Amino acid sequence: MGGLVARQYIQSDNYEEDVDQLIFLGTPHLGAPKAYLMWEGAEMGPFNLLSLESIRNTIMKFILSQEAHEMGYDNLFEYIRLEPIVSVQQLLPTYDYIFDANVLRTYPTNYPMNSFLEELNQNIDVLLSSGVEIHNIVGNTEPAQTIGAIEITDPIGHLPRWEHGYPEDFGSVFGDHGLILSSGDQTVPLASANFVDSNLLVTSFIHGTLPTDTEDIIYKRLTGEDATTLVRENPGVDLKIILIKILSPADLLVITPDGKKIGKENSQEVNEIPNAFYTGFNTDTEFITILNPIDGEYKIYTE
């Protein structure tokens, strides 16, 4: 999304000729079909017990659903559509990607439309003639694991979600879930990312790690020099997570086996645990998540 925001500024009437270099990292210049799942059905992706990405998606969906509740919405779909979270809509593809059985629909007929990207790409010449030095770094993993198209069925029984079609077998635990995989970085299809081909570099990295895995390349292109020190602090997320949620009008304080604290203590919010999240105590639903928790006894205090 950051690449699209930069493009929108440079291609707008507000541009002040103040950008020297622009480096895209996995930017979905033509959108990404994965955004269809969130916009149409408030889903991150299908659930598969054997997929770490699926488990991460489930955790993310839970956290977003909590945020929707805090904002006063009954569910995540209403939050996305009624808030509205237009950034999800602005990531939708602007090309043909929905199949009715074996028949490919023609965009924009019976598609969720993305006028933001349509207008941006109609004026692509403004970007290319702006005088900005443009570089585009994209990811392409093997085997193909990026959603490139979606085979849909009638949404009856799912409305108001899935207005433009329900992905085939999406609710099943296994199978292809109606999602047709293509080349890309596991989020953005390669054909969308490399739409801008200025100084194009195709890497083998996935979308979420592109900024870290290419930081030496980025430094070289920005400065013309080799980076002497690379700092890559990315603990990652494994299958271990602690989630503590309270539905009563009370506050939480958690102390880890090594004495670190998170929660409410002495009327103040405290978080001493790396990669942990606390909603804060001024919320209706209070919860704490701790990623990669250390083993041992955790103490939980309520007030």
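Values in this document were obtained by computation on a predicted structure and should not be read as measured data.

Trainee: I would appreciate a short explanation of the packing of aromatic side chains in the present structure.
Mentor: For any pair of aromatic rings, the description consists of the separation of the ring centres together with the inter-plane angle of the planes. Under the criterion given, the structure shown has twelve aromatic pairs. Between Phe-62 and Phe-287, the ring centres sit 5.9 Å apart and the planes meet at 65°, which makes this aromatic pair edge-to-face. Separated by 225 residues along the polypeptide, Phe-62 in helix α3 (residues 52–70) and Phe-287 in strand β14 (residues 286–291) bring together distant segments of the chain. A residue is classified by how much of its surface remains accessible, and Phe-62, at 26% relative accessible area, is partly exposed. Residue Phe-287 is classed as buried on the basis of its relative accessible area of 2%. Within the aromatic cluster, the residues linked to one another by ring pairs are Tyr-36, Tyr-95, Tyr-97, Tyr-107, Tyr-111, Trp-162, Tyr-166 and Phe-170.

Trainee: Mind showing me how you'd approach the environment of Val-88 here?
Mentor: Secondary-structure assignment places Val-88 in helix α5 (residues 86–89). With relative accessibility at 14%, the residue Val-88 sits in the buried group. Placed 87 residues apart in sequence, Val-88 and Met-1 show a C-alpha to C-alpha distance of 9.6 Å. Not counting residues within four places of it along the chain, the set of residues in contact with Val-88 comprises Ala-35, Met-38 and Trp-39.

Trainee: Any chance you could explain the sheet that holds strand β10 (residues 252–255) here in plain terms?
Mentor: Strand pairing in a sheet takes place through backbone hydrogen bonds and is either antiparallel or parallel in direction. The sheet built from four strands is open, its strands ordered β12-β11-β10-β15 with antiparallel pairing. A strand with exactly one partner marks an edge of an open sheet, and here the two such strands are β12 (268–271) and β15 (299–302). Shown here is a sheet whose adjacent strand axes are inclined to one another by a mean of 15°, direction ignored. Two strands pair when backbone bridges link them, and β10 and β15 are joined in this way by four bridges, in the antiparallel orientation. The residue of β15 that forms the bridge with Ile-255 is Lys-299.

Calculation notes
Starting from 1, residues in each chain are numbered consecutively following that chain's sequence as written. Thresholds applied to this predicted model are a pLDDT of at least 70 for local features of residues and 80 or more for the giving and counting of side-chain atom pairs; totals over whole chains, interfaces and linings are not thresholded and use all residues. Each side-chain value is derived from all of the structure's non-hydrogen atoms; neither hydrogens nor water enter the calculation. Stacked, tilted and edge-to-face are the three classes assigned to paired rings of Phe, Tyr and Trp, where Trp is represented by its six-membered ring and a pair needs centres within 6.5 Å; plane angles under 30 degrees give stacked, over 60 edge-to-face, the rest tilted. Every helix listed is a DSSP run of H or I at least four residues long, and every strand listed is a run of E at least two residues long, numbered separately from the N terminus. When accessible area is computed with a 1.4 Å probe and restricted to protein chains, residues below 20% of their type maximum are described as buried, those above 50% as exposed, and intermediate ones as partly exposed. Note on contacts: a residue pair qualifies if any of its non-hydrogen atoms lie within 4.5 Å across the two residues. By definition, two strands form a pair when at least two bridges between them are found by DSSP. Angles run from 0 to 180 degrees between N-to-C directions of axes, and those axes are lines fitted to C-alpha atoms, restricted for helices to the stretch in contact.

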